[in-house]
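Coordinate analysis (summary)
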Amino acid sequence: MNSTKVSQWKIITIVISLVGIPVGLLLFSGCPSYPEVTSPESLQLTKKLYGACNTKNEKLLAETKADLTKLLAEQKVTKNEADAFQGIIALAEAHRWDKATQEAFQFAKDQVGR
């Protein structure tokens, strides 16, 4: 009876390992969290947004926001891209500069190798 319980625990441990390890790797593999930018102008905007956040430059942030509006009108950014930009801009406008800088950096970093 005792050896049956041990065998069951071994099986459970193996199953959890076989399922848990791949899931954990997927969650923590560094997969990009931001959408791929679809135009050179949008890529430039990621750099401009990072610069605005990193320097806590409200004027540059306003220019970035205006550029985003223009790119949206010209259909040079997708809705997913615009949502990502707007989320970071909202952080900066709320004076959460450090978080906005981190997110802007991640957005730009996620474009590398695409």
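Residues numbered from 1 in each chain as written. Predicted model: local features only at pLDDT ≥ 70, side-chain atom pairs only at ≥ 80, totals over all residues. Heavy atoms only, no water.

Some details on helix α4 (residues 79-93)
Taking 1.5 Å per residue, 15 residues should reach 21 Å; α4 reaches 20 Å between its end C-alpha atoms and fits that length. Buried within α4 we find Glu 81, Ala 82, Ala 84, Phe 85, Ile 88, Ile 89, Leu 91 and Ala 92. For α4, the secondary structure elements touched by its buried residues are α2 (40-54), α3 (58-73) and α5 (97-109). The first or second residue beyond α4 is His 95, which carries a positive phi of 60 degrees. (Helix = DSSP H or I, 4+ residues; strand = E, 2+ residues; numbered from the N terminus. Expected span 1.5 Å × (residues − 1). Buried < 20%, exposed > 50% of the residue type's maximum accessible area, 1.4 Å probe, protein only. Contact = heavy atoms within 4.5 Å.)

With respect to the packing of aromatic side chains
For the structure on display, the rule yields three aromatic pairs. With 4.9 Å between their ring centres and 35 degrees between their planes, Tyr 34 and Phe 107 make a pair best called tilted. Taken together, the residues Tyr 34 in the loop between α1 (2-27) and α2 and Phe 107 in helix α5 connect sequence positions 73 residues apart. Assessed through its relative accessible area of 14%, Tyr 34 is described here as buried. Residue class for Phe 107 comes out buried when judged on its relative accessible area of 1%. (Phe/Tyr/Trp six-rings, centres within 6.5 Å; stacked < 30°, edge-to-face > 60°.)

Concerning the pattern of salt bridges
Overall, the coordinates contain seven salt bridges when judged by the stated rule. Its salt-bridge partner being Glu 93, residue Lys 65 comes within 2.9 Å of it at the nearest N-O pair. Here Lys 65, found in helix α3, pairs with Glu 93, found in helix α4; they are 28 residues apart in sequence, far enough to count as distant. Exposure remark for Lys 65: the relative accessible area of 40% places this residue in the partly exposed category. The partner of Glu 74 in a salt bridge is Lys 76, and the shortest N-O contact between them spans 3.8 Å. Exposure remark for Glu 74: the relative accessible area of 37% places this residue in the partly exposed category. What you see here is one network of salt bridges that share partners, running through Glu 41, Glu 74 and Lys 76. (Salt bridge = Lys/Arg side-chain N within 4 Å of Asp/Glu carboxyl O.)

Focus on the nonpolar core
Counting residues in each nonpolar core, the largest one holds 21 residues, and the members touching the most others are Leu 49, Cys 53, Leu 61, Leu 68, Phe 85, Ile 88 and Phe 107. For this core, the secondary-structure elements that each account for two or more residues are α2, α3, α4 and α5. It is α4 that contributes the most residues to this core, seven residues altogether. The residues touching Phe 85, leaving out its near neighbours within four places in the chain, are Ser 42, Leu 45, Thr 46, Leu 49, Leu 68, Val 77 and Phe 107. (Core = buried A, V, L, I, M, F, W, Y, C linked by side-chain atoms within 4.5 Å.)

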